[in-house]
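What follows is the residue order along each chain.
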Amino acid sequence: MDVIKKVYQYAEPNLTIVGWLGAIGYPLYFILWEYIFPQPYESLPLRIIAGGLFVGMALRERMPKHWQPRLPYFYFATCLLCLPFFFGYLLLMNEWSTVWAMSFMAQIFLHILLVNEPKVMIFQSITGVCLAYLAVYVFDGQPQHLEVQWVYLPIFVFTYVFGNLFNFRNRITHEAKVSIARSFGAGIAHEMRNPFSALKSSIDLLKTMVPEDRGDKTTSTVISANEVAIVNEILTNASEVIRAGNETIDLLLTSIDQNRIAAKTFKKYDATTVVQRSLDSFAYKRPEDRKAVSYHVSHDFEFFGSDTLLQFTLYNLLKNAFYYQNSEHFHINIELKRQGNMNVITVRDNGVGIESHLLEEVFKDFYTFGKKHGYGLGLPFCRKVMKSFGGNIYCSSVFGEWTEFTLCFPPYDSDKIELMKSELLRSKNVLYVGRPGLFTRVLEQQAFYKQFHLHVASLQELLLDVRNDFESDLVIVDLEQIGIEWDKLELFNSRLNFGQSKIAYLYDSNHFYPIDISSKANVFPLEYRVLQLDTDHIIDLLLFDSKETITAQTLAIANEMYEEHEQEEPIVDAGSKRVLIVDDNHSLRAITVLLLRKMGFDVLEARDGKHAIEVLDRNDVDLVLMDIEMPIMDGLEATQAIRLSNKRYRQVPIVGYTGDNSLKTIHDVHAAGMDDHMTKPAEKEVLLNTILRWA
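Computed from a predicted structure; not experimentally measured.

Visitor: Account for the overall build of the protein, naming residues and giving values.
Guide: Assigned secondary structure in the protein consists of 25 helices and 17 strands. In the protein, once contacts between residues fewer than 6 apart in sequence are set aside, the share between residues at least 24 apart is 70%. Entry remark: accessible area of the protein is about 36600 Å², with carbon and sulfur atoms responsible for 58%.

Okay, structure coming up:
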């Protein structure tokens, strides 16, 4: 019975038109075969009955409600009687004439289209033909009408078999789409419970801070500064929850096509921060489950992608691991480390394991193993996510002992990520709020070479254009052109509140503005000359850095450094001294380069130890400022390689620049051959004095 209902549901969207075609076609063909092209036998009563059944199918929605549940069975009987029985009966009565042999062939194709289930169609075909033969035997009985032309049977069987094969493929595709829709619908519903719970908690907390409404409109309420701070924090968190929820829905919906992950929202994220957030927000079923997860960072790194999608990937791996655990001493170990030329996150558990021949099968759509209510789409989606990041995910396991999933990320400064960013730039929209002038020409030049879309409009024009929804990726507001319209700027900001745009306030450090430009969320103060000095880098930061990857601090530090040294004479005579900055953190490296160039140094850059040696091979350098933890070749390895070489630069002074000031690290720095060390972030006086001591 369930199969019959399933067949009916599959055909139901087309049954109205099929019903009317049958209701008209059956009587109409009586005229054709009886008067225009006369055939040996025709039956008007039989055609009227068949047409009546199709009328019922066309008008099924107008049937009494208590008949509606029986419609699948009515459809089943209609297909059986009006197709194999009707055409089989007339085929026999017309003694297997060519016209009716072709008509029976056409009936097969129509039957395959209307009944998508092969078992049901075969049952109906055999039953219908047998009933037709029985009807001829009972109501006619002439021997010539009971003869079977066996020569036609191979053709009919061939049509049935291959027609069903093609129809089976279409049915599988249909069921796959339904399954995907159901799975992603369930996924959205599940993942949205967390943000809704967070919003509810925020509302509940706000309610505790707001006194009950007693109907007295004249009474005022005093809120302490501490409470104001709490309210602001709640509202900020609520906005972030809404952002994450919206991104969750968008990312899942755009991925239903199974072809690719939408990369428009990709940014630079800190892997440690995202993994820690995932572990803190995962829905553990029991308190001891959280204790079963250990987390270790051997190598922190930044990746280009989506924090939401990486969280989904980790959620899926954790859920699978907990589902397939097989002992009381179950544990999961997550580690961030460097592996070859890739950054990786490994998720290892001591569960049931996976047999070796199934290690790739688990990444195929709809593959499940012993999991109730599973659709087999979780791990395939994880692989699509990792490939969209420019990496991949792999599985290794020993059956019955352990399973390890390895998530591979390309370095943020790799050519692959640069290519992804350059492609994404073409879809980025930058809005400059101000009038055309010298600075807009700088931006237009950047837009031409980087191929992003630049729109220039005054504040007045934007506020008058009610259709403008300000859905730009970056909004640059020129405060010098606001004039006295600060209230309009606040109105403009209010219309940007629920957008995802980053806002940069361009200002002149010599001028005063009647607003606090540093206190607004998602607003980054930016000094004119800083942006002019390194427009390419700053635009890249604003478009692709997330809040977590020190974008705000980067801009603030750059502003501060520029402002403090703008009107000062250089405190050193750098002459032709050349300094090589080696650091895998692009943002920090760029700021250091900015400062040293301002002081008159000639500065070269390298992103890792191997790159540094390549730069030294091509250039004479007076000092190397070397980071310690870097991909490919770290600072200690690079220093040892430099000291052990027979090149001209083997004696170049090297200063270690690291965020780890432990005794072990300091010992390792000097043991590797470095001349001195500094701790990040160094004060500018310490930085410059150290450089002057050795350069």
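Visitor: Could you give an account of helix H19 (residues 535-544), with specific residues and numbers?
Guide: In terms of residue burial, H19 counts as a mostly covered element, since nine of its 10 residues are buried. Those residues of H19 lying buried are Thr-535, His-537, Ile-538, Ile-539, Asp-540, Leu-541, Leu-542, Leu-543 and Phe-544.

Visitor: Let's hear about the sheet that holds strand S16 (residues 654-658): which residues, and what values?
Guide: The five strands are arranged S14-S13-S15-S16-S17 in an open sheet whose pairing can be described as parallel. At either margin of the open sheet sits one strand with a lone partner, and together these are strand S14 (602-606) and strand S17 (676-679). On average, each strand axis in the sheet is inclined to that of its neighbour by 20 degrees, with strand direction left out of account. When strand S13 (residues 578-582) meets S14, the two strands line up parallel, connected through five bridges. Counterpart to Arg-578 in the pairing with S14 is Asp-602. Packed onto the sheet, helix H22 (residues 609-618) meets S13, S14 and strand S15 (623-627) and runs at close to 135 degrees relative to S14.

Visitor: Can you lay out the pattern of salt bridges for me, pointing to particular residues and giving the numbers?
Guide: One pass over the full model with this rule turns up 18 salt bridges. Through salt bridges with shared partners, one network takes in Lys-268, Glu-302 and Asp-545.

Visitor: Tell me about the UniProt feature "modified residue: 4-aspartylphosphate" (unreviewed entry) in the protein, residues and numbers included.
Guide: The UniProt record annotates "modified residue: 4-aspartylphosphate" (unreviewed entry) at Asp-627. Relative to the helices and strands, Asp-627 is located in strand S15. In this structure Asp-627 comes out as buried when scored by relative accessible area, which is 5%.

Visitor: An account of the environment of Glu-527 is needed here, citing residue identities and associated values.
Guide: Locating Glu-527 in the fold gives a position in strand S12 (residues 523-527). Counting along the chain gives 20 residues from Glu-527 to Tyr-507, while the straight-line C-alpha distance between them is 5.1 Å.

Visitor: How would you explain the sheet that holds strand S5 (residues 342-349) if you had to name every residue and give the values?
Guide: Strand order across the open sheet formed by five strands is S2-S4-S5-S7-S6, with mixed pairing between neighbours. Either end of the sheet is taken by a strand with one partner, and the two such strands are strand S2 (293-297) and strand S6 (392-398). Across this sheet, the average inter-strand angle for adjacent strands is 20 degrees, counted without regard to direction. Here strand S4 (residues 332-339) runs beside S5; their pairing, made up of eight bridges, is antiparallel. Considered in S5, the bridge of Gln-339 is made with Met-342. Along the sheet face, helix H12 (residues 307-323) touches S2, S4, S5, S6 and strand S7 (402-409) and points at about 175 degrees away from the line of S7. Helix H13 (residues 378-388) rests against S6 and S7 of the sheet, and its axis sits at about 135 degrees to S6.

Visitor: Tell me what's going on with the confidence of the model for the protein, and back it up with residues and numbers.
Guide: Do not read the predicted coordinates in detail wherever pLDDT is low. Put simply, the protein has an average pLDDT of 80, and 78% of its residues get 70 or more. Within the model, the stretch residues 561-571 combines pLDDT values under 50 with 19 contacts to residues more than four positions away or in other chains.

Visitor: Go over the environment of Phe-87 with me, naming the residues and quoting the values.
Guide: Positionally, Phe-87 belongs in helix H4 (residues 71-93). Discounting chain neighbours no more than four positions away, the residues touching Phe-87 are Tyr-26, Cys-82, Trp-100, Ser-103, Phe-104 and Gln-107.

Visitor: Now, about H13: what can you tell me, with residues and values included?
Guide: Of all 11 residues in H13, eight are buried, a share of seventy percent or more. Taken residue by residue, H13 has Leu-379, Pro-380, Phe-381, Cys-382, Arg-383, Val-385, Met-386 and Ser-388 as its buried positions. Count one or two residues on from H13 and you reach Gly-390, which has phi positive near 90 degrees.

Visitor: So, the pairing of strand S8 (residues 429-433): which residues are in play, and what are the values?
Guide: For S8, the tally of buried residues reaches four of five residues, placing the bulk of the element in the interior. Both S8 and strand S9 (residues 453-457) contribute to a ladder of five bridges, which runs parallel. The residue bridging Val-433 from the neighbouring strand is Ala-457, located in S9. Pairing analysis gives four bridges linking S8 to strand S10 (residues 474-478), with the strands arranged parallel. Residue pairing across strands places Tyr-432 opposite Ile-476, the latter belonging to S10.

Visitor: Describe the packing of helix H10 (residues 271-281) against H12, with residues and values.
Guide: Direction vectors running N to C along H10 and H12 enclose 50 degrees, while the axes themselves pass 9 Å from each other. Taken together, the axis directions place H10 and H12 in an arrangement best described as oblique. The element H10 and its partner H12 pack so that their crossing is right-handed. Touching Val-274, Val-275, Arg-277, Ser-278, Leu-279 and Ser-281 of H10 are Asp-307, Leu-310, Gln-311, Leu-314, Tyr-315 and Leu-318, all from H12.

Visitor: Just give me the short version of the packing of aromatic side chains, but keep the residues and values in it.
Guide: Geometrically, a pair of aromatic rings is defined through the distance of the ring centres and the angle of the planes. One pass over the structure, following the stated rule, counts 30 aromatic pairs. Ring geometry for Tyr-26 versus Phe-86: centroids 5.0 Å apart, planes at 75 degrees, classification edge-to-face. Here Tyr-26 is found in helix H2 (residues 15-36), whereas its partner Phe-86 is found in helix H4, with 60 residues between them in sequence. Among the residues examined, Tyr-26 registers a relative accessible area of 9% and is labelled buried. Among the residues examined, Phe-86 registers a relative accessible area of 1% and is labelled buried. Ring centres 6.1 Å apart and planes at 85 degrees place the aromatic pair Phe-266 and Phe-304 in the edge-to-face group. Taken as a pair, Phe-266 in the loop between helix H9 (225-254) and strand S1 (267-270) and Phe-304 in strand S3 (residues 302-305) lie far apart in primary sequence, 38 residues in all. One exposure class covers both Phe-266 and Phe-304, and it is buried.

Visitor: With reference to specific residues and values, describe a nonpolar patch on the surface.
Guide: Where nonpolar side chains cluster on the molecular surface, the patch consists of Trp-20, Ile-24, Leu-28, Tyr-29, Ile-31, Tyr-35, Ile-36, Phe-37 and Leu-59 and spans about 950 Å² of accessible area. Relative to the assigned elements, Phe-37 resides in the loop between H2 and helix H3 (44-58).

Visitor: A description of the packing of helix H1 (residues 2-11) against H4 should follow, citing residues and the corresponding values.
Guide: At a minimum axis separation of 9 Å, H1 and H4 run at an interaxial angle of 85 degrees. Considering their axes alone, H1 and H4 lie roughly perpendicular with respect to each other. Of the residues in H4, those touching H1 at Ile-4, Lys-5, Val-7, Tyr-8 and Ala-11 are Leu-71, Pro-72, Tyr-73, Tyr-75 and Phe-76. Among the residues making up the contact of H1 with H4, the classes are represented as nine nonpolar, no polar and one charged.

Visitor: Lay out the side chain of Lys-421 with the relevant residues and their values.
Guide: Tracing the backbone through its elements, the reader meets Lys-421 in helix H14 (residues 415-425). The contacts of Lys-421, once residues within four sequence positions are left out, are Phe-304, Tyr-412, Asp-540 and Phe-544.

Definitions and limits used
Residues numbered from 1 in each chain as written. Predicted model: local features only at pLDDT ≥ 70, side-chain atom pairs only at ≥ 80, totals over all residues. Heavy atoms only, no water. Helix = DSSP H or I, 4+ residues; strand = E, 2+ residues; numbered from the N terminus. Contact = heavy atoms within 4.5 Å. Areas by Shrake-Rupley, 256 points an atom, 1.4 Å probe, with all protein chains shown as cover. Buried < 20%, exposed > 50% of the residue type's maximum accessible area, 1.4 Å probe, protein only. Pairing = 2+ DSSP bridges. Axes fitted to C-alpha atoms, helices over the stretch in contact; angles between N-to-C directions. Salt bridge = Lys/Arg side-chain N within 4 Å of Asp/Glu carboxyl O. UniProt positions renumbered as here; feature names shortened; annotations may be inferred. pLDDT = per-residue confidence, 0-100. Parallel < 35°, antiparallel > 145°, perpendicular 65-115°, else oblique. Left-handed = near helix turned anticlockwise from the far one by under 90°. Phe/Tyr/Trp six-rings, centres within 6.5 Å; stacked < 30°, edge-to-face > 60°. Patch = residues over 30% accessible without salt bridge, like charges linked within 9 Å, V, L, I, M, F, W, Y side chains within 5 Å. Nonpolar A, V, L, I, M, F, W, Y, C, P; charged D, E, K, R; others polar.

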